[in-house]
Amino acid sequence: KAGVTQTPRYLIKTRGQQVTLSCSPISGHRSVSWYQQTPGQGLQFLFEYFSETQRNKGNFPGRFSGRQFSNSRSEMNVSTLELGDSALYLCASHRGVSTDTQYFGPGTRLTVL
Amino acid sequence: KNEVEQSPQNLTAQEGEFITINCSYSVGISALHWLQQHPGGGIVSLFMLSSGKKKHGRLIATINIQEKHSSLHITASHPRDSAVYICAVRSEETSGSRLTFGEGTQLTVNP
């Protein structure tokens, strides 16, 4: 069974631009969570989607948004990029039961110049 | 004070040594996860615990719910165990799968 895939793996943007990242979960998994990892703040929860609905949201500004499609693939969008948005963005999927093990993708490394 | 605290932040060991990484948390939880992150970013889930003890190969994870404490042990450590180990908790007050993470422990095992 294929693992969680994320595209693109690396991305360079400039301040003020917007970016869309994609996550394809493991087949059969209905929940996708997104996380941001920075050297200063570590790993932080962004949001979780389950069956196309946002089930949980972290403490990030409204510039960060996401959605999930009927095939469980998920995208996250960051508008009006700031230098501080440079980070590794990870998604994780599981079947949908909250106590399931989460399987992480390889991440998208975003650099904002 | 962070909800999840790990110690030590950095750990260097010689191959074959027994290693312990600790995690303390301040909230009621429904599950605790131990994760491993190698250079390059990929994260692997090692254990998910809600009570007791789990073992997988040379790795052992324990949790004491009353003391709000968990430990990850590595027996007969090997250079390939070098990675960042991260403790994460799911609060019992949280719906869904939201995780709160510790800062991680950088483990280096020298041959």
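Refer to the structure above for everything that follows.
So, how was this worked out
- Residues numbered from 1 in each chain as written.
- Chains lettered and ligands numbered in written order.
- Predicted model: local features only at pLDDT ≥ 70, side-chain atom pairs only at ≥ 80, totals over all residues.
- Heavy atoms only, no water.
- Helix = DSSP H or I, 4+ residues; strand = E, 2+ residues; numbered from the N terminus.
- Rg over C-alpha atoms; globule rule 2.2 N^0.38 Å.
- Buried < 20%, exposed > 50% of the residue type's maximum accessible area, 1.4 Å probe, protein only.
- Contact = heavy atoms within 4.5 Å.
- Areas by Shrake-Rupley, 256 points an atom, 1.4 Å probe, with all protein chains shown as cover.
- Buried area = accessible area lost by both parts, 1.4 Å probe.
- Salt bridge = Lys/Arg side-chain N within 4 Å of Asp/Glu carboxyl O.
- Polar contact = N/O pair within 3.5 Å; in protein donor to acceptor, adjacent residues only side chain to side chain.
- Nonpolar A, V, L, I, M, F, W, Y, C, P; charged D, E, K, R; others polar.
- Core = buried A, V, L, I, M, F, W, Y, C linked by side-chain atoms within 4.5 Å.
- Pairing = 2+ DSSP bridges.
- Axes fitted to C-alpha atoms, helices over the stretch in contact; angles between N-to-C directions.

(A) Quick peek at the overall build of chain B. A tally of helices and strands in chain B yields zero helices and eleven strands. Ordering the α and β elements of chain B from the N terminus gives β-β-β-β-β-β-β-β-β-β-β. Over its C-alpha atoms chain B spans a radius of gyration of 13 Å, differing by no more than 12% from the 13 Å that the globule rule assigns to 111 residues. Considered along the principal axes of its C-alpha atoms, chain B spans approximately 45 × 30 × 25 Å. Looking at chain B residue by residue over its 111 residues, the buried ones come to 46%. Across chain B, every contact between residues at least 6 apart in sequence was considered, and the portion connecting residues at least 24 apart equals 55%. For chain B, the accessible surface area stands at approximately 5200 Å², while carbon and sulfur atoms represent 47% of it.

(B) Local environment of the interface of chain B and chain A. With 18 residues of chain B at the contact, the number on the chain A side is 23 residues. Buried area between chain B and chain A, summed over both chains or domains, comes out near 1600 Å², and the portion from carbon and sulfur atoms is 54%. Together, Ser97, Arg98 and Phe101 of chain B form the three largest contributors to the area buried by chain B at its contact with chain A, with a combined 35%. Taken together, chain B and chain A are joined by zero salt bridges. At the boundary of chain B and chain A, one finds two residue pairs in polar contact (both at pLDDT 80 or more). Only strand 4 (29–37), strand 5 (43–49) and strand 9 (83–91) of chain B provide two or more residues apiece to the side of chain B that touches chain A. Among the residues making up the side of chain B that touches chain A, the classes are represented as six nonpolar, ten polar and two charged.

(C) View of the side chain of Gln102 of chain A. On the secondary structure map, Gln102 of chain A appears in the loop between strand 9 (87–94) and strand 10 (103–104). Only 2.9 Å separates the side chain of Gln102 of chain A from the side chain of Tyr35 of chain A, close enough to count as a polar contact. Not counting chain neighbours up to four residues away, the residues in contact with Gln102 of chain A comprise Ser33, Tyr35, Ala92, Ser93 and His94 of chain A together with Ser45, Ser97 and Leu99 of chain B.

(D) Examining the nonpolar core more closely. Membership of the largest hydrophobic core comes to 24 residues, with the highest contact counts inside it found for Leu32, Trp34, Leu72 and Tyr85 of chain B. Contributions of two or more residues to this core are made by strand 3 (19–25), strand 4, strand 5, strand 7 (59–64), strand 8 (69–74), strand 9 and strand 11 (105–110) of chain B. Dropping the residues within four chain positions of it, Tyr85 of chain B is found in contact with Gln6, Ile21, Leu35, Gln36, Leu46, Leu72, Ile74, Gly104, Thr105 and Leu107 of chain B. Counting 21 residues, the second-largest nonpolar core is a separate cluster that includes Leu46, Phe47, Phe64 and Cys91 of chain A.

(E) A look at the sheet that holds strand 1 (residues 4–7) of chain B. Residues and elements named next belong to chain B. Read from one edge of the open sheet, five strands run 1-3-8-7-6, paired in antiparallel fashion. Every other strand in the sheet has two partners, leaving strand 1 and strand 6 (52–56) as the edge strands with one partner each. If you compare each strand with its neighbour and ignore which way they point, the axes differ by 15° on average. Sheet analysis places strand 3 next to strand 8, joined by six bridges and oriented antiparallel. Directly across from Thr20, in strand 8, lies its bridge partner His73.

(F) View of the pattern of salt bridges. Residue and element names in this part refer to chain A. Counting across every chain of the model gives seven salt bridges over all chains. A salt bridge links Arg63 to Asp85; its shortest N-O distance comes to 2.8 Å. Of this pair, Arg63 sits in the loop between strand 6 (53–57) and strand 7 (64–68) while Asp85 sits in the loop between strand 8 (74–78) and strand 9, and the two are 22 residues apart along the sequence. Taking the relative accessible area as the measure of exposure, Arg63 reaches 17% and is therefore buried. Classification of Asp85 as buried rests on a relative accessible area of 4%. For Glu75, the salt bridge is made with Arg67, and the minimal N-O distance between the two is 3.2 Å.

(G) Spatial organisation of the pairing of strand 7 of chain A. Residue and element names in this part refer to chain A. Bridge analysis of strand 7 against strand 8 gives five bridges, and the strand direction is antiparallel. For Gly66, the partnering residue across the bridge sits in strand 8 and is Met76. The hairpin formed by strand 7 and strand 8 contains five residues between the paired strands, and Ser72 there has a positive phi angle of roughly 75°.

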